[in-house]
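# Secondary and tertiary structure notes
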Amino acid sequence: MRFLKLFFDALVVIGLILLVARLVSFGLHALNIPFTTIFTDYSIPSLAILLIGALGNWILNKQKRP
């Protein structure tokens, strides 16, 4: 169970990092500043990573409660 908690925590952290990178790249794109497009190209997989991590943590926390 501890491995799953660490795994889902890592997914949440990675998803949040990718979310911040997407927001930064969107802001720079809006200002017409050249920046890499890798974060916008992979927006759906990074959103999926964040959702899987958040749902996994939610399910694990829900199982711990009596």
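Scanning the protein from terminus to terminus reveals three helices and zero strands. Secondary structure of the protein in N-to-C order comes out as α-α-α. Whereas a compact globule of 66 residues would reach a radius of gyration of roughly 11 Å, the protein reaches 15 Å, over 25% beyond that. In terms of principal-axis extent, the alpha carbons of the protein reach across some 55 × 20 × 15 Å. The burial tally for the protein puts 20% of its 66 residues in the buried class. Taking the contacts inside the protein whose residues are at least 6 apart along the sequence as the reference set, 78% of them involve residues at least 24 apart.

Take the pattern of salt bridges next. The final tally for this structure, using the stated rule, is one salt bridge. Across the salt bridge formed by K5 and D9, the nearest N and O atoms sit 3.5 Å from each other. Linking K5 with D9, this pair stays in helix α1 (residues 2-30), spanning four residues, or about one helical turn. Residue class for K5 comes out partly exposed when judged on its relative accessible area of 27%.

On to unusual backbone geometry. Within the chain, N32 stands out as a residue other than glycine whose phi angle is a positive 60°. Looking at the secondary structure, you find N32 in the loop between α1 and α2 (38-41).

Quick notes on the rules
Residues numbered from 1 in each chain as written. Predicted model: local features only at pLDDT ≥ 70, side-chain atom pairs only at ≥ 80, totals over all residues. Heavy atoms only, no water. Helix = DSSP H or I, 4+ residues; strand = E, 2+ residues; numbered from the N terminus. Rg over C-alpha atoms; globule rule 2.2 N^0.38 Å. Buried < 20%, exposed > 50% of the residue type's maximum accessible area, 1.4 Å probe, protein only. Contact = heavy atoms within 4.5 Å. Salt bridge = Lys/Arg side-chain N within 4 Å of Asp/Glu carboxyl O.

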